[in-house]
Amino acid sequence: PAPAPFPRAEGARPRRGGKTAADKAAEPAAAPRPSLRGVRPTALALQQLNAFAPGAIDEPDYDARIDAYSSIPPLLESGLSTACALPLLCQCVHDVELDDIALRHSATHTVGIIVQHAAAAAGRERAAAGEDGGGTGQSHWHALLQQVLMPALRRGLRLPPEKELVRAEMIRLISVALSHEPSLEPQLAALLSPGDLEADFFQNITHVQLPRRQRAIARLKKKIEGGAFGPTTLASYLLPLLSHIALKPSAKEVDVAEEAVAALRSLAAQLPWRPYHELLLSLSRRLRLDPSLERRLVRALVAVIDGFHFDLAPADDEYGAPSADRGACRLTDEEIGRIFAARVQARQARDYEAADRLREELVAKGIVSVDDKGNSWQAADGRRGSMDPFSVDEASRETGRLAAAAAVGPAADGAPADSANGGEGAEGGAEAMAEAAAEE
């Protein structure tokens, strides 16, 4: 069965008092239960990762914390479970955003080690599942990276300008994650070039030499115009990355910013309506709040408006998707039911980002409205459907059954065998926005 959703890394362990209490409470948990032997060393490592110098006020104990980072690789090699690796990964991701350079670099290095271990373990799990003939389940280690690490890295790309060094660390971690597990974001992994560092986007976008950054953005622009990326990759990764570069106030980076604006124009020309509209609103709000960047913001706004590619016919669905996004529905009833069931499961598991992405996928493929209260949908070609409310477990079983049926071959009613993989799949939507989360 697919692993249950992991909690998100962002916001984890924010205060000293809460962290200390949690660490001390977790330490004795493994004492009466030998089956949880990994909990004790994990709790001790967490306690050391949050150690403070005894003779100072809020002064980190650097020796204890560095030693704790060094103890994590042996823990992973000892057979640590994903349940014990989860708090360690959350702690390290939290420490990547610290202002202290030594701790931040140690945390980044440790996240890379966890990613490498998780990718190797996921490969072994997939190989074992293939040998058993039941390769439909998702690896727990892959789920740890997909549900915890990648959302935190996406959030890191949207950090404020004063967190420039932290953003650079986040970009490096994206490169590390995709190098070891390209299936996390296959379209983004195409930007890697291990054999040629001059052509590797992630190696050059943060390079100290500005011409290398400029060339990296120019190559990215060509890939965007060639349709190499789906809406999710464009809106969740490339949009915040290019927006930040285009709005940099540094006079030395004018040429790089100009190249980013050109790439932003090409990107806007391929965005679905909702992220395009959010981008316009975001730039407009910042124009009022940050007069020092007026010229750069106006330049970015003009580029985004130049990329306007929507039908002017009024939208009539609750999400404001214009008619250009709707068209004829390209999904069968069975495919709609599978995606709808997965969305219900994500909502019940409070994974609103995944639910938002699945809703955008339905809208992009011709479902013009999704009624969450009535558990119903309506397609652009006039078809309607509904689904009775069911539990998360029932949704998971239904999704697994339909995926297995699609993998075996054509369904009895003539549905195509590759229906589970049709179109852009999960690439059909944008990252959940704050307003959407409030609506949910």
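Quick note: structure is the one above.
Think of each chain on its own: its residues are numbered from 1, step by step along the sequence as written. Per-residue local features of the predicted model are confined to residues with pLDDT of at least 70, and side-chain atom pairs are confined, for both listing and counting, to 80 or more; whole-chain, interface and lining totals are unaffected and use all residues. Only hydrogens and water are set aside; all other atoms, that is, all heavy atoms of the structure, feed into the side-chain values.

(A) Here's a closer look at the overall build of the protein. Summing up its helical and strand segments, the protein has 19 helices and three strands in all. Taking all 440 residues of the protein together, 48% fall into the buried category. Residues count as neighbours in contact if any of their non-hydrogen atoms are within 4.5 Å of one another. Considering only residue pairs separated by 6 or more positions, the protein has 66% of its internal contacts joining residues 24 or more positions apart. For the area figures, the Shrake-Rupley method with a 1.4 Å probe applies, and any residue is considered shielded solely by the protein chains shown. Surface summary for the protein: the accessible area is close to 21000 Å², and the carbon and sulfur share equals 54%. The helix count covers DSSP runs of H or I at least four residues long, the strand count covers runs of E at least two residues long, and both are numbered beginning at the N terminus. Exposed residues in this analysis have more than 50% of their type's maximum accessible area, buried residues have under 20%, and partly exposed residues fall in between, with area computed by a 1.4 Å probe over protein chains only.

(B) Structural view of the pairing of strand β2 (residues 376-379). Residues Trp377 and Ala379 line the buried face of β2, whereas the alternating positions Ser376 and Gln378 sit on a face that is not buried. Any two strands with at least two DSSP-identified bridges between them are counted as paired. Across three bridges, β2 lies against strand β3 (residues 384-386) in antiparallel orientation. Residue pairing across strands places Ser376 opposite Ser386, the latter belonging to β3.

(C) Representation of the packing of aromatic side chains. Ring geometry is summarised as follows: Phe, Tyr and Trp rings, the Trp one being its six-membered ring, pair when their centres sit within 6.5 Å, and such pairs are stacked at plane angles under 30 degrees, edge-to-face over 60 and tilted between the two. Using the criterion set out here, one finds six aromatic pairs in the structure. Seen from their ring centres, Tyr276 and Phe308 are 5.9 Å apart, and the 70° between their planes marks the pair as edge-to-face. Here Phe308 lies in the loop between α14 (294-306) and α15 (323-326) and Tyr276 lies in helix α13 (residues 273-289), a separation of 32 residues in the sequence. With relative accessibility at 1%, the residue Tyr276 sits in the buried group. Using a relative accessible area of 38% as the deciding quantity, one classes Phe308 as partly exposed.

(D) The arrangement of the packing of helix α3 (residues 62-77) against helix α4 (residues 82-96) in detail. At a minimum axis distance of 12 Å, the contact between α3 and α4 shows a crossing angle of 145°. In terms of crossing hand, the pair formed by α3 and α4 is left-handed. Each of Tyr69, Ile72 and Leu75 in α3 lies in contact with α4, whose residues at this interface are Leu88, Cys92 and Asp95. Only Asp, Glu, Lys and Arg are considered charged in this grouping, and only Ala, Val, Leu, Ile, Met, Phe, Trp, Tyr, Cys and Pro are considered nonpolar; every other residue, Gly among them, is considered polar. Residue classes in the contact of α3 with α4 are distributed as five nonpolar, no polar and one charged. The convention used is that axes are lines fitted to C-alpha atoms, helices contributing only their stretch in contact, and that angles between N-to-C directions extend from 0 to 180 degrees. Working rule for handedness: look at the near helix, and if it is turned counterclockwise from the far one by less than a right angle, call the crossing left-handed; if clockwise, right-handed.

(E) Representation of the environment of Leu279 in the model. With respect to the element layout, Leu279 can be found in helix α13. Sequence separation of Leu279 and Val304 is 25 residues, and the distance between their C-alpha atoms is 8.2 Å. Apart from the residues within four sequence positions on either side, Leu279 is in contact with Leu239, Ser243, Leu271 and Val304.

(F) Structural context of the pattern of salt bridges. We define a salt bridge as a contact between a side-chain nitrogen of Lys or Arg and a carboxyl oxygen of Asp or Glu at a distance within 4 Å. Tallied over the entire structure, the rule returns 13 salt bridges. Measuring nitrogen to oxygen at the nearest pair gives 3.9 Å for the salt bridge that ties Arg215 to Glu198. Taken as a pair, Arg215 in helix α10 (residues 210-225) and Glu198 in the loop between α8 (186-189) and α9 (201-205) lie far apart in primary sequence, 17 residues in all. The class for Arg215 is partly exposed, based on a relative accessible area of 41%.

(G) Here's a closer look at the packing of α10 against helix α12 (residues 254-268). In the contact formed by α10 and α12, the axes pass within 9 Å of each other and the chain directions differ by 10°. The orientation of α10 relative to α12 falls into the category roughly parallel. Contact with α10, carried on its side by Leu210, Arg213, Gln214, Ile217, Ala218, Lys221, Ile224 and Glu225, involves Asp255, Val256, Glu259, Ala260, Ala262, Ala263, Ser266 and Leu267 of α12 and no other residues of that element. Residue composition of the contact of α10 with α12, grouped by class: nine nonpolar, two polar and five charged. When describing relative orientation, an angle under 35 degrees is termed roughly parallel and one over 145 degrees roughly antiparallel, while 65 to 115 degrees is termed roughly perpendicular and anything else oblique.

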